[in-house]
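Survey of secondary and tertiary structure
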Amino acid sequence: MSEKKEALFSKKNRKLMTDPLDGSNPISVQVLGICSALAITVQVEQAFVMSAAVMAVLIFGNLIVSAMRNLIPSRIRIIVQLVIVAALVILVNELLKAFMPDVSEKLSVFVGLIITNCIIMGRLEAFALGNKVWPSLLDAIGNGIGYGWILVVVAFFRELFGSGKIFGFQIIPESFYDAGYMNNNMMILPPMALITVALIIWVQRSKNIDLIEEN
Amino acid sequence: MAINKNSNGYTFAFAIIMVVVVGTLLAVASQGLKSRQDKNTSDKKMINILGAINVEASRDNAQEMFNKYVVESKIISGEDLSAPAFDVDIKKEFRDKSLTILDRNYPLYICEKEGNRYYVIPVVGTGLWGPIWGFVAIDSDYKTIYGATFDHKGETPGLGAEIKQSSYSDQYAGEVVADYSGAFIPIIVVKDGSGKGMNSKVDGITGGTITSKGVEEMTTRTLGVYVNYFNSLNN
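Each chain carries its own residue numbering, running from 1 in the direction its sequence is written. Each chain is given a letter, starting from A, and each ligand a number, starting from 1, according to the order in which they appear as written. It should be noted that, the model being predicted, local features are given only for residues of pLDDT at least 70 and side-chain atom pairs only at 80 or more, the latter also being counted only at that level, while totals for whole chains, interfaces and linings use all residues. By convention in this description, side-chain values take in all heavy atoms of the structure and omit both hydrogens and water.

**Structural notes on the interface of chain A and chain B**
Quick note on the threshold: Note on contacts: a residue pair is in contact if any heavy atoms of the two residues lie within 4.5 Å. A quick way to say it: buried area is the sum, across both parts, of accessible area lost when two parts are put together, with a 1.4 Å probe. Basic side-chain nitrogens of Lys or Arg form a salt bridge, by our definition, when they fall within 4 Å of a carboxyl oxygen of Asp or Glu. Polar contact is defined as a pair of N or O atoms within 3.5 Å, subject to the rule that within protein one atom must be able to donate a hydrogen and the other to accept it, and that residues adjacent in sequence are counted only when both atoms are side-chain atoms. Secondary structure elements are taken from DSSP: a helix is a run of H or I of four residues or more, a strand is a run of E of two residues or more, and numbering for both begins at the N terminus. Side-chain classes are defined by residue name, with Ala, Val, Leu, Ile, Met, Phe, Trp, Tyr, Cys and Pro counting as nonpolar, Asp, Glu, Lys and Arg as charged, and the others, Gly among them, as polar.
Across the contact, 28 residues belong to chain A and 28 residues belong to chain B. Summed over both partners, the interface of chain A with chain B buries about 2,400 Å², with 63% contributed by carbon and sulfur atoms. Applying the counting rule to chain A against chain B returns zero salt bridges. Here chain A is connected to chain B by seven residue pairs in polar contact (both at pLDDT 80 or more). Of all the secondary structure elements, the ones that give two or more residues to the side of chain A that touches chain B are helix H4 (77-99) and helix H5 (101-107) of chain A. With 10 residues, H4(A) is the single largest residue contributor to the side of chain A that touches chain B. Residues that form the side of chain A that touches chain B fall into these classes: 17 nonpolar, six polar and five charged.

The structure is reproduced here in structure tokens:
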């Protein structure tokens, strides 16, 4: 702790938070955690709560692993990470059931599936295990938001075109339906989430040319 | 460093301590939160029962409203008719393959609202991904449905999950489950849009056929039992 101090929000530390939003986004660039992005983006509200839950687990996971990084035996580090993540997820689930029962009902099985979210294991293994607590916290927040915004954007389009609603409120007016407009039921099915994510990736890469791989 | 972190001893010790700590933590959390969770579950059940007779309750006043409107809870058929009806877990009994339809308990909640009596029947069945359940309120004539609520564990949002919406469950209100002689009439879920009106048919959900059919199956299976019971009261 007595090493030379680095500013809490130095340029390097800020980058930890901002990079995952765009240049190294866990979903659109690293293509991790796609499964949950397909499953729970039918409605915006679910996407929000899921992002918050993943972020909470990611933050605490990163903090714990980073704090213990000098104690964890390297031979069983993956198992240790898995136990930490699983314990956190169960804890989040129990707390949701006790204090936010309505939210818990909405997310149902998906909370349990956070355990298998590759982003979390990825960040623990690639970042928290080799970095101090503070950068790990920033990294977790950045990746959590990077995951969350994609989810919310995908959910926005899926709910709007799939059910004509946002946050459960009717957005597309009744007169459109009377004129022959129909909700696109395809949007509700998982494949359209994949296509929506692909469109986001397309937009992102055409704006950020560095991301285009050469081959 | 005195300890070799790559030794077997250290690895074992670490694993053992970790498991004990995590296990204790989770056990404490589970035990500590259990009473709150149980209360949430029973509040939700009360809200759903009241929802079937169109009484809106919130988690804050569920118990109070339940005591106000539900005048009697009883088991009409099952092992022990004197057992507390509210505690019967029909979902668990439905899952239990060793129980036949006749062995299961059938709770009935008798409610009184604005001088009228309503009979609230719990139903449980299977959707596409998991269990679905609901409560159907029968009017004091023992055959007209007054209201219904349905819920599910993990049906597809926007498709099967729509059974939870009032746009679906409101179709049940006014349907008749017994003819003049008391014979049971099931409520059929149809696809062709002919469910409008009081004709023992309701419109299914587009893209949610299996869930809709699950609702049909559970109401048919369960309501029949209660119609027989109501007939025995009439005679």
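**Section: the nonpolar core**
Defined as follows: Side-chain atoms within 4.5 Å are what join buried Ala, Val, Leu, Ile, Met, Phe, Trp, Tyr and Cys residues into a set we call a nonpolar core. For every residue, the accessible area (1.4 Å probe, protein chains only) is compared with the maximum for its type, and the residue is labelled buried under 20%, exposed over 50%, or partly exposed between those bounds.
Residues A:Ile27, A:Met50, A:Val57, A:Ile114, A:Ile120 and A:Leu151 are the most contacted members of the largest nonpolar core, which totals 54 residues. For A:Met50, the contacting residues outside a window of four places in its chain are A:Ser36, A:Ile40, A:Leu107, A:Phe110, A:Ile114, A:Tyr147 and A:Leu151. Counting 30 residues, the second largest nonpolar core, distinct from the first, contains B:Leu108, B:Tyr119, B:Ile163 and B:Ala178.

**Observations concerning the pattern of salt bridges**
Residue and element names in this part refer to chain B. Evaluation of the coordinates by the stated rule reveals 10 salt bridges over all chains. Residues Asp151 and Lys164 are paired through a salt bridge, measuring 3.8 Å at the closest nitrogen-oxygen approach. Taken together, the positions of Asp151 in strand E5 (residues 145-152) and Lys164 in the loop between E5 and helix H4 (166-169) put the pair 13 residues apart, joining distant regions of the chain. According to the relative accessible area criterion, Asp151 is buried, its value standing at 5%. On the basis of relative accessibility, which here comes to 38%, the residue Lys164 falls in the partly exposed class.

**Details of empty space enclosed by the protein**
All names here are of chain B. Note the cut-off: The pocket and cavity definitions rest on a 1 Å grid over protein atoms only: a 1.4 Å probe that fits but cannot leave marks a cavity, an open set with protein on both sides within 12 Å along at least five of seven lines marks a pocket, and residues lining either have an atom within 4 Å of a point. Grid points are joined across faces, edges and corners, and a volume is the space filled by probe spheres set on the points.
Tallying each qualifying case throughout the model produces one cavity of 30 Å³ or more. Roughly 120 Å³ of internal volume is contained in the largest cavity. Lining the largest cavity are 14 residues, and of these Arg104, Tyr106, Val124, Arg221 and Thr222 sit closest to its centre. Those elements giving two or more residues to the lining of the largest cavity turn out to be helix H3 (90-95), strand E2 (106-113), strand E3 (116-126) and helix H5 (209-234). In terms of residue count, the dominant contributor to the lining of the largest cavity is H5 (four residues). When the residues that make up the lining of the largest cavity are grouped by side-chain class, the tally is nine nonpolar, two polar and three charged.

**A few points about the pairing of E2(B)**
Residue and element names in this part refer to chain B. Just so we agree on the cut-off: For two strands to pair, DSSP has to find at least two bridges joining them.
In terms of burial, E2 is a largely internal element, seven of the eight residues being buried. Note: strand E1 (residues 70-77) against E2, six bridges, orientation antiparallel. Each bridged residue has a counterpart across the sheet, and for Ser73 the counterpart in E2 is Tyr109. Relative to E3, E2 is paired through five bridges, and the arrangement is antiparallel. By the bridge assignment, Lys113 is partnered in E3 with Asn116.

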